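In case you want the letters, here they are:
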Amino acid sequence: MGSLFRSEEMSLCQLFLQSEAAYACVSELGELGLVQFRDLNPDVNAFQRKFVNEVRRCDEMERKLRYLEKEIKKDGIPMLDTGESPEAPQPREMIDLEATFEKLENELREVNQNAEALKRNYLELTELKHILRKTQVFFDEMADSHREEEQVNLLGEEGIRAGGAGAQGQNLKLGFVAGVILRERLPAFERMLWRACRGNVFLRQAMIEDPLEDPSTGDKVYKSVFIIFFQGDQLKTRVKKICEGFRATLYPCPEAPTDRREMAMGVMTRIEDLHTVLGQTQDHRHRVLVAAAKNLKNWFVKVRKIKAIYHTLNLFNLDVTQKCLIAECWVPLLDFETIQIALRRGTERSGSSVPPILNRMETFEDPPTYNRTNKFTHAFQALINAYGVASYREMNPAPYTIITFPFLFAVMFGDLGHGTIMALFGLWMVLKEKPLAAKKSDNEIWNIFFGGRYIIFLMGVFSMYTGFVYNDIFSKSLNVFGSAWSINYNTSTVMSNKALQLDPAGADYAQTPYPVGLDPVWQVAPLNKIIFQNAYKMKISIIFGVIHMLFGVFVGLFNHRYFKNKMAIYCEFIPQVIFLVFLFFYMTLLMFIKWVKYSASSKIVAYSAGCAPSILITFINMVLFKAPDENNGDCSPFMFAGQQGLQKFLVVVALLCVPWMLLAKPILIMRGRKEAAHQPIVPYSNENGDADGLNQHNNATGTQGAQQPPAQQQGGAGHGHDNEEMSEIFIHQGIHTIEYVLGSVSHTASYLRLWALSLAHAQLAEVLWNMVLQNGLKQDGWIGGIALWAVFAFWAVLTVGILVLMEGLSAFLHTLRLHWVEFQSKFYAGLGYAFQPFSFEVILESSSSSSED
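An account of the accompanying structure is given in this report. Computed from a predicted model, the values in this text were never measured in an experiment.

Definitions and limits used
Sequence order sets the numbering: in each chain, residues are counted from 1 along the sequence as written. Owing to the predicted nature of the model, reporting of local features is limited to residues with pLDDT of at least 70; listing and counting of side-chain atom pairs is limited to 80 or more, with chain, interface and lining totals taken over all residues. Where side-chain values are given, they derive from all heavy atoms of the structure, hydrogens and water being excluded. We treat two strands as partners when DSSP finds at least two bridges between them. Starting at the N terminus, helices and strands are each numbered in turn, a helix being any DSSP run of H or I of at least four residues and a strand any DSSP run of E of at least two. Here, axes are lines fitted to C-alpha atoms. For helices the fit covers the stretch in contact, and angles between N-to-C directions go from 0 to 180 degrees. Two residues form a contact once any of their heavy atoms are found within 4.5 Å. In summary, the pairing rule links any two rings of Phe, Tyr or Trp, Trp by its six-membered ring, whose centres are within 6.5 Å, and it sorts them by plane angle into stacked for under 30 degrees, edge-to-face for over 60 and tilted for everything else. Placement of a charge over a ring requires the Lys NZ or Arg CZ to be within 6 Å of the ring centre, with the centre-to-atom vector within 35 degrees of the ring normal. Whether a set of points on the 1 Å grid over the protein atoms alone is a cavity depends on a 1.4 Å probe fitting there but being unable to get out, while an open set qualifies as a pocket with protein on both sides within 12 Å along at least five of seven lines; lining residues are those with an atom within 4 Å of a point. Grid points are joined across faces, edges and corners, and a volume is the space filled by probe spheres set on the points. Three residue categories are used. Nonpolar comprises Ala, Val, Leu, Ile, Met, Phe, Trp, Tyr, Cys and Pro, charged comprises Asp, Glu, Lys and Arg, and polar comprises the others, including Gly. Here is the rule for angles: anything less than 35 degrees is roughly parallel, anything more than 145 is roughly antiparallel, 65 through 115 is roughly perpendicular, and the remaining ranges are oblique. Expected helix span is computed as 1.5 Å times (number of residues minus one). One axis fitted to the seven residues ending at a residue, another fitted to the seven starting there: the angle between these axes is the bend at that residue. Remark: exposure states derive from per-residue accessible area (1.4 Å probe, protein chains only) relative to the maximum for the residue type, with buried under 20%, exposed over 50%, and partly exposed in between. Directions are taken from the helix axis to each C-beta atom, and the arc is the one they span. Like charges within 9 Å and nonpolar side chains (Val, Leu, Ile, Met, Phe, Trp, Tyr) within 5 Å are joined into patches, using only residues over 30% in relative accessible area that form no salt bridge. Surface exposure here means Shrake-Rupley accessible area, sampled with a 1.4 Å probe, where a residue is shielded only by the protein chains that are shown. Within this document, salt bridges are pairs made up of a side-chain nitrogen of Lys or Arg and a carboxyl oxygen of Asp or Glu, the two lying within 4 Å of each other. Residue types Ala, Val, Leu, Ile, Met, Phe, Trp, Tyr and Cys, when buried and joined through side-chain atoms within 4.5 Å, form a set referred to as a nonpolar core.

If you trace the four strands from one edge of the open sheet to the other, you get 4-7-3-8, paired in antiparallel fashion. Here the strands that pair on one side only, and so sit at the sheet edges, are strand 4 (202-207) and strand 8 (249-251). Taken over all neighbouring pairs, the strand axes of this sheet differ in orientation by 25° on average, direction set aside. Looking at chain direction, strand 4 and strand 7 (residues 223-230) are connected through six bridges and run antiparallel. Bridge pairing links Leu203 to Ile228 in strand 7. Taken strand by strand, helix 7 (residues 186-197) contacts strand 3 (175-182), strand 4 and strand 7, and its axis lies near 10° from that of strand 7.

On to the packing of aromatic side chains. Within the structure shown, the criterion is met by 40 aromatic pairs. Seen from their ring centres, Phe189 and Phe226 are 5.2 Å apart, and the 55° between their planes marks the pair as tilted. Here Phe189, found in helix 7, pairs with Phe226, found in strand 7; they are 37 residues apart in sequence, far enough to count as distant. Following the ring pairs from residue to residue traces out a cluster consisting of Phe5, Tyr387, Tyr400, Phe551, Trp820, Phe823, Phe827 and Tyr828. In this structure, Lys50 packs its charged tip against the face of Phe51, placed 5.6 Å from the ring centre.

Here we come to empty space enclosed by the protein. One pass over the structure, following the stated rule, counts three cavities of 30 Å³ or more. Roughly 130 Å³ of internal volume is contained in the largest cavity. Tyr470, Asp472, Gln523, Lys529 and Gln533 are the residues nearest the centre of the largest cavity, which is lined by 16 residues in total. The set of elements that each furnish at least two residues to the lining of the largest cavity consists of helix 19 (526-562) and helix 26 (753-777). Of the residues in the lining of the largest cavity, the class split is five nonpolar, six polar and five charged. Empty space within the second largest cavity amounts to approximately 40 Å³. Around the second largest cavity, the lining residues are Phe468, Asn471, Leu478, Val480, Phe481, Tyr514, Val516 and Leu518. Here the residues of the lining of the second largest cavity sort into seven nonpolar, one polar and no charged.

Before going further, it helps to spend a moment on the packing of helix 14 (residues 416-431) against helix 27 (residues 781-823). For any two helices packed against each other, one specifies the crossing angle of their axes together with the interaxial distance. Closest axis-to-axis distance for the helix 14/helix 27 pair is 11 Å, and the angle between their directions is 90°. By the criterion of interaxial angle, the relationship of helix 14 to helix 27 is roughly perpendicular. Here His418, Ile421 and Met422 of helix 14 lie close against helix 27, whose contacting residues are Thr799, Leu803 and Val804.

As a further point, take helix 13 (residues 398-413). In a regular helix each residue adds 1.5 Å, so 16 residues correspond to 22 Å; helix 13 covers 22 Å between its end C-alpha atoms and thus fits that length. Helix geometry: helix 13 is bent most strongly at Thr404, by close to 30°, with proline Pro406 lying one to four residues after it. With 14 of its 16 residues buried, helix 13 lies for the most part within the structure.

The next thing to look at is helix 8 (residues 233-245). With 13 residues, helix 8 should reach 18 Å at 1.5 Å per residue; the first-to-last C-alpha distance of 18 Å fits that figure. The complete set of buried residues in helix 8 reads Leu235, Val239, Ile242 and Cys243. Down the axis of helix 8, the smallest arc covering the buried residues is 100°, so these residues share one side. When the buried face of helix 8 is taken as reference, the exposed residues oriented beyond 90 degrees from it are Asp233, Gln234, Lys241, Glu244 and Gly245.

We now examine the pairing of strand 10 (residues 324-332). Within strand 10, nine of the nine residues are buried, which leaves it mostly tucked inside the rest of the structure. Summarising the sheet, strand 1 (residues 10-18) and strand 10 pair through nine bridges and their orientation is antiparallel. Looking at strand 10, one finds that Phe16 is bridged to Ile326. As paired elements, strand 9 (residues 317-318) and strand 10 share two bridges and run antiparallel to each other. From the neighbouring strand, Asn317 faces strand 10, where its bridge partner is Ile326.

Another aspect to go through is a nonpolar patch on the surface. Among the surface-exposed residues, Phe425, Trp428, Ile445, Phe449, Val800, Ile802, Leu805 and Met806 lie close enough to one another that they form a single nonpolar patch of about 730 Å² accessible area. Counting only elements with at least two residues in the nonpolar patch, the list comes to helix 14, helix 16 (444-451) and helix 27. Counting residues per element, the nonpolar patch draws most heavily on helix 27, which supplies four residues. Among the structural elements, Ile802 can be located in helix 27.

All right, on to the nonpolar core then. Among the nonpolar cores identified, the biggest contains 71 residues, and Phe579, Leu583 and Phe584 are the most heavily contacted of them. Per element, the largest residue contribution to this core is twelve residues, and it comes from helix 20 (residues 566-597). Formed by 58 residues, the second largest nonpolar core is a distinct cluster that contains Leu296, Leu325, Leu343 and Leu358.

Attention now goes to the environment of Phe449. With respect to the secondary-structure elements, Phe449 resides in helix 16. Exposure remark for Phe449: the relative accessible area of 32% places this residue in the partly exposed category. Spatially, the C-alpha atoms of Phe449 and Gly426 are 8.8 Å apart, while their sequence positions differ by 23 residues. Each residue touching Phe449, except ones within four places of it in the same chain, is listed here: Phe425, Met429, Ile456 and Leu805.

This is how it looks when you write it as structure tokens:
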């Protein structure tokens, strides 16, 4: 948990591995997931590195596994997933894996080719069967009395007379071809025949009712049988070319009925034999795929681990003897011993006698940022990283966000009913975490919800709390502790009179506040209910905002302390705190003073509610040095004695902080540089006089090694500005000062969104109740029961869809803005880069997600 407040201390190390032990050592580090390797061959092409052949072999194995996976999914066979992650195989096991995958792929391809050939043969026989059946009907029709009419249509009357005279009364001999064509191509096919043959052919067609399976794609297609009658070889050639162009399949069809019957019987026999062979082929294919499905997940894990290891080994350098691999890596200092143990374990597995060497190095580079997280804190850290990864050893906003984020969300979303819905949804995802995580849905929106399940749960719980404080549940109130009011109105007056008001100065109020939150009696005072809630929620929004920003400034103090930058503390932190406290925190103190000192029933006129001065007007007069109007009878414009003098003092000091922030730091840097130019360079030592403290300081901050000027060490001249021009320092400090001063005003006003969204949410809930659900509650009898059921369903859908989802998303985005802009701008730079260790777990997760996509 400590590294969640500030990132882990990192160290750049040099790793020496014997070539025989490198694979096993990298495998152990991949299981550990705590080492980020650097590429020592940035100028070497990927195809020219040492282990490129091994990577290609892994790619080939992965391709074969993807082929097996596709065939398994095609047959709908479940793949066994035990959830276990097998260790990376030894290099010698790659040969066995390659042989296994090669055998499975060849066997499966051979089975698929045989099955495709059998299916193609089966399709041809099926089509021939339909042709023999359908053409029998055509030939029977040709033999009836309409044959002469059809010949007239085909050859014309003159052709028949000429043929009859020339053939001495014999019937004309017509040729024909029969085949099968796709049903959607039939109209175009018929038009082409008519145009190309000029109407001298006769086409008959009939649809095949059952769909046929395409052996190449496996899709179902619909086809039709056709038969074309013609006369002469010239038309026959033309008809066959047209059939070939439309990819129609022609089949031999005997003219004699007995020959067709014999052929049909032979076709049926062959179809039955093919059906049996096809079933046996499919059974064999199914057995092969079932056997492969049991091990496919583990095979994928093994191959991807091998590939990741060789990719990592390609980042290493070879020494001159070609027997040692050299690597550079970032490691967390707390895990230094754990990494060394993993390296020794890898050396023992490989059987090597030479132990690995892990040396720490000094560097000028900024180390990566590494914050340890668990499943609870991961989502909050992701919110921070979306804005920017923390700089090395910078204060991390995530642990504070765990509380402040759901609380500020709840201030805007406060409703006991809506918060309960959200909390139950988050709790369901938390309790069903393992089965839901195992499903790995492709829905991106669901993945976002599931990833933020703990945030949703906390937002719901905090919204239940604020809803209880607001005494608001689906726009209604709960009477838990009774009421401090006694109103002598009858029911009809309360329900019908829209001008009812509550007067705290009257006898109806018992002068004792409601124990927790708001009194439920405010529900019957629609006229001044909004006015009361406006004042209440507006003030608490400003109070929360100022405290939140002030807390952000104090968090920044820990950044200055860690870097021993006293200049930043004196020149930035102290004037920032003074400016914020003397102006805006003072305004929040006035709110508390007004709440405590003034009351509606006060016997002293000066302290009655009518004499209470406006906080906003008081603050404006304070900043403008404007004297308030004191000619107001017995009412004083001041809340306490000496307020006017104190306010002038606070404003003057706050205004002096502006040039303090603007000029102090650049002037001290100029003085420090002049002093450093005239002082000798002395070794750096820590508080105990130990010169070795330099190494610890350098390892933590990444600064240069042996000797530095004393002024630099004490914060007088350096701190990241050594190579910067003074003009740039003045410009940067001016921008920083203007941003902070103006930002303090705008950011304080920005927190009023807490008040605005809270009122908007409450009003939307009230409108939904009055305009939807209330109409169902007014109906009587059994019709009223049915109407209430329908109205309640509509109200529930609108409540979940608009008030929970849409309003929840709106409040979430506004809360995110308050943290990113108003809070984090006070101390958080977010200019670092994330620690990305070599981890099998991360690699396998990314590989599985990409393969699913």
